[in-house]
Amino acid sequence: MTSKQTFYVTTPIYYPSNKLHIGHAYTTVAADALARYKRLSGFDVMFLTGTDEHGQKIQASAEQAGQEPLEFLQGIIDWIMQLWERLDISYDRFIRTTEIRHTVVVQALFERLIRQGDIYLSDYEGWYCTPCESFWLERELVDGKCPDCHREVEFTKEESYFFRMSKYVDQLLEFYEQHPDFIQPESRKQEMINNFIKPGLQDLCVSRTSFHWGIHVKSNPKHVVYVWLDALTNYITAIGYGSDKPEEQATFEQFWPANVHLVGKEIVRFHTIYWPIFLMALGLPLPHKVYAHGWLLMKDGKMSKSKGNVIDPNVLIERYGRDAIRYFLLRDVPFGQDGVFTPEALIERLNFDLANDLGNLVHRTVAMLHKFSGGVVPNPSEEAPSPLDEDLSNLARSTIHAVEEHLEKLEFSMALSAIWTLVRRANKYIDEAAPWALHRTGDEVRLHIVLHQMVEAIRVITILLQPFMTDFPRAVRAQFGWSDEAFAWAAAHDFALHSRGNTVVEAGPIFPRLDIKEEVEALTALTGGPLKEAPSDGEPKPTANRTASTEVVKETSGSANNAAVSSDIPGIATIGMDTFAAVELRVGEIVSAAKVEKADKLLQLQVHLGSEIRQVVSGIAKHFTPEALIGRKVIVVVNLKPVKLRGVESNGMILAASEGERLELVTVPSDMPNGSVVR
Ligand code: MSP
């Protein structure tokens, strides 16, 4: 029996009525990154994914294909498993709801719930949306259509079993209260309470008689179990709940309750209301967390087969490689928020982050090792490190903490951003330390230190990239010859002598630079014609007391202690020193910048403040491209209350001067250290 701590993570089980698209890959890649991270940091991980194979939609798709459901499903399941293999998804178990191990347990627990009085027989009258497999009340329809997918609904009346949800409402609310982290992000919890629980939780229809493709109720076989009770139960049947095999029962004991169910935001209701209630009725512990991430959208809205705007992940994997796709999915959109997929954004990420920053760092380091030290990592002398060396080594040592902190909160994008701060710092270190000049002047002692530092930085970066990418870390590790010990997750804490004496192999560029125009054209053609413009719903309006963005600070008010008197500038009141001193200003360096989706004016910046990296959202997108800001030294107001702009948190404000259309950043010379106090 292992004494390791366990971690159980799940994806939704996907409907195999069609092939999957990058939206499905998005959840699965995120779950994979989390599972890999937990394994690397010593946990015994169970990572579950699978397919939800019952219901009217699957039955109809099979009929349309002229096949028996299981025959129809097999082709798609093979395709899905192949996709996960191509994306290097490290799932431990794959559950199909048509498997015997699942169906017998669902049948048994259905009977138990009838016996307990939690499930009762009655008549159902209501509106049914076949694509969503959901019933709706008249009042819930929008323009007479399904409120989720906006398609036609059918009026249905049939005998059905119902689950007595109302019985458990108080218990559920109490659970929410005692487990404030159960629903993440936090905003989803209020949505569940206000939209579904407060208006009165309806008993849930849990069987159907109008189709037969499902798990038949043992004591009344004309009923099949309505999909959600069948589907949600996968999370326990897959790991041995109800099994008669002792080793399976032990697995269940070991891993249940799940640490996190990752789901798209449209199914958070099923996972945070119905699923906990089913578990309460079964007397089982509830999962620790349900994390609802946002949607990956196309310019014309949600991806759907009927709109013809879905992207087959295989197309992207074939063209750019799986690491590039995994990186893009986890980096481009902050997890939890919606994001729009555009070919431009993809190619820019691949060019800037992968080819220019990461690929180039490795490539130039290997080239210099060969040019200046025969392809062998030199043994650095024990000479005291320079401040430049220490700046790099300190950042490298602290990056693992930032990565872990973000990954614990499922902030994949922020974790990658922290790694990229180090990637960019390492590139800048090379420019500043200029090994070519040391070689020219024959300063071997310094040259060896610098080359060694470069390799150590790459080692730390490569270790930390393992949850996110799989080919790159494998290839670079082999190229630099790091031992198991040197490449352990915890070895990213050290910046020491792990690489000296290693022979480094020369190789071509790992991430090629792409021609943006050519690629956008090719992708547009491959993904079904030109994409429509995204509907714009306007920019955020400036608020009266402007708590963020780069608008120039104009203090116009005085408190009682700082009675306002007029200054020499007409219309501007003077303030006391106290008021000014309350504003904390620091020098910061912009280390990354990206556009905020659907906000023409906003940029999301990561600003290095010496002791930390802050995210600041700034209204300067009309004046600067993100690339033009990297490396700029700015003045940051660091003690403003955090605010959210377009759903993105801003923790400060950078100062700028403006005159008419013109806007310039307030800046200091580039050798002013990050974090310096500004008075
Ligand atoms: N079978 C149910 C889930 C049952 S879980 C017990 C289902 N299946 S699904 O095939 O429709 O998959 C939905 C999930 O796929 C979403 O919750 C999300 O995880 C993922 N996504 C599908 N499209 C997506 C986007 N466009 N963007 C992000 N995630 C998306 O619902």
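Residues numbered from 1 in each chain as written. Predicted model: local features only at pLDDT ≥ 70, side-chain atom pairs only at ≥ 80, totals over all residues. Heavy atoms only, no water.

Some details on the pattern of salt bridges
Oppositely charged side chains can form a pair if their charged atoms are brought close together. Where we set the bar: When a carboxyl oxygen of Asp or Glu is within 4 Å of a side-chain nitrogen of Lys or Arg, the pair counts as a salt bridge. Where helices and strands are cited, they refer to DSSP runs of H or I of at least four residues and of E of at least two residues respectively, numbered from the N terminus. The classification of residues rests on relative accessible area computed with a 1.4 Å probe and restricted to protein chains. Under 20% of the type maximum is buried, over 50% is exposed, and intermediate values are partly exposed.
Scanning the model with the defined rule gives 36 salt bridges in all. Between R86 and E318 there is a salt bridge whose closest N-O contact spans 3.2 Å. One end of the pair, R86, is in helix α3 (residues 69-86); the other, E318, is in helix α11 (residues 313-320), and 232 residues separate them in sequence. Across the pair E125 and K157 runs a salt bridge whose closest N-O atoms are separated by 3.6 Å. Taken together, the residues E125 in strand β4 (residues 119-129) and K157 in strand β6 (residues 154-163) connect sequence positions 32 residues apart. For K157, a relative accessible area of 54% corresponds to the exposed category. Shared partners join several salt bridges into a network, and the residues in it are D32, R36, D88, R322, R326, D471 and R474.

Considerations on the environment of E71
Residue position: E71 is located in helix α3. Classification of E71 as partly exposed rests on a relative accessible area of 48%. For the pair E71 and N427, spaced 356 residues apart in sequence, the C-alpha to C-alpha distance is 54 Å.

Description of the confidence of the model for the protein
Using the following cut-off: The predictor attaches a confidence to each residue, called pLDDT, with possible values from 0 through 100. Contact criterion: two residues are considered in contact whenever any of their non-hydrogen atoms come within 4.5 Å of each other.
Mean pLDDT for the protein: 88, with 92% of residues reaching 70 or above. Across residues 530-571, confidence stays below pLDDT 50; counting only partners more than four residues off in sequence or on other chains, it has 73 contacts.

A closer look at the packing of aromatic side chains
Put simply, the rule reads: Aromatic rings from Phe, Tyr and Trp, taking only the six-membered ring of Trp, are treated as a pair when their centres fall within 6.5 Å; an angle between ring planes under 30 degrees marks them as stacked, one over 60 as edge-to-face, and anything in between as tilted. Only when the NZ of Lys or the CZ of Arg is both within 6 Å of the ring centre and within 35 degrees of the ring normal is a charge said to sit over the ring.
One pass over the structure, following the stated rule, counts 27 aromatic pairs. Seen from their ring centres, F7 and F43 are 6.3 Å apart, and the 80° between their planes marks the pair as edge-to-face. Highlighted residues: F7 in strand β1 (residues 6-14) and F43 in the loop between α1 (22-40) and β2 (44-51), separated in sequence by 36 residues. By the ring-pair criterion, three or more aromatic residues cluster together here, those being Y8, Y235, Y241, F252, W256 and W275. The cationic tip of R208 hangs over the ring face of Y128; the distance from NZ or CZ to the ring centre is 4.2 Å. Across from the ring centre of W295, 4.6 Å away, lies the NZ or CZ of K265, which sits over that ring.

Observations regarding the site of the ligand
Here is the rule we go by: Neighbouring residues are identified by heavy atoms, a residue being near a molecule or strand if any of them is within 4 Å of it. By the criterion applied in these results, polar contacts are pairs of N or O atoms within 3.5 Å in which, for protein atoms, one can donate a hydrogen and the other can accept it, and in which residues neighboring in sequence qualify only through two side-chain atoms. Accessible areas in this description were obtained via Shrake-Rupley with a 1.4 Å probe; residue shielding takes into account the shown protein chains only. Three residue categories are used. Nonpolar comprises Ala, Val, Leu, Ile, Met, Phe, Trp, Tyr, Cys and Pro, charged comprises Asp, Glu, Lys and Arg, and polar comprises the others, including Gly.
Taken together, 23 residues form the shell around the ligand, and within it I13, T27, D52, E266 and L296 come nearest. Here I13 contributes a backbone N or O atom positioned 2.8 Å from a nitrogen atom of the ligand. The side chain of D52 places a nitrogen or oxygen atom 2.7 Å from a nitrogen atom of the ligand. In the complex, 94% of the free accessible area of the ligand, which totals 670 Å², lies under the protein chains. Elements with a minimum of two residues in the shell around the ligand: β1, α1, α7 (227-232) and α8 (234-237). Considering every element that reaches the shell around the ligand, the biggest residue donor is α1, with 4 residues. Tallied by class, residues from the shell around the ligand come to 12 nonpolar, 9 polar and 2 charged.

A word on the sheet that holds β6
Strand pairing in a sheet takes place through backbone hydrogen bonds and is either antiparallel or parallel in direction. The test is simple: Strands were regarded as paired on the criterion that DSSP finds at least two bridges between them. Whenever a helix is involved, its axis is fitted only over the stretch in contact; in every case the axis is a line through C-alpha atoms, and angles between N-to-C directions fall within 0 to 180 degrees.
Read across the open sheet, the 4 strands follow the order β5-β4-β6-β8; overall the sheet is antiparallel. Since the sheet does not close on itself, it has two edges, and those belong to β5 (134-136) and β8 (204-205), each with one partner. Relative to β6, β4 runs antiparallel, the two being bridged by 10 bridges. By the bridge assignment for β6, D123 is matched with E159. Its contacts with the sheet place helix α10 (residues 268-282) against β5, β6 and β8, and it is angled at close to 35° to β6.

Details of the sheet that holds strand β7 (residues 183-184)
A sheet is described by the order of its strands in space; here 6 strands give the open sequence β3-β2-β1-β11-β12-β7, paired in parallel fashion. Sheet topology places β3 (93-96) and β7 at the edges, where each strand pairs with a single neighbour. Note that β1 and strand β11 (residues 260-264) share 2 bridges and pair parallel. Note that in β11 the partner of V9 across the bridge is V260. Contacts between α10 and the sheet are confined to β7, β11 and β12 (290-293), with β11 contributing the most and set at about 140° to the helix.

Here's the deal with the packing of helix α13 (residues 343-373) against helix α19 (residues 516-526)
As a reminder of what qualifies: In this scheme, roughly parallel covers angles under 35 degrees and roughly antiparallel covers those over 145, while 65 to 115 is roughly perpendicular and the rest are oblique. Crossing handedness is defined as follows: a turn of the near helix away from the far one that is anticlockwise and smaller than a right angle gives a left-handed crossing, while the clockwise case is right-handed.
Here α13 crosses α19 at 135°, and the two axes come no closer than 9 Å. Comparing their axes, α19 and α13 come out oblique. As for how α13 packs across α19, the hand of that crossing is right-handed. Facing α13, whose interface residues are P343, E344, L346, I347 and E348, α19 presents I516, E519, V520, L523 and T524. A per-class count over the contact of α13 with α19 returns 6 nonpolar, 1 polar and 3 charged.

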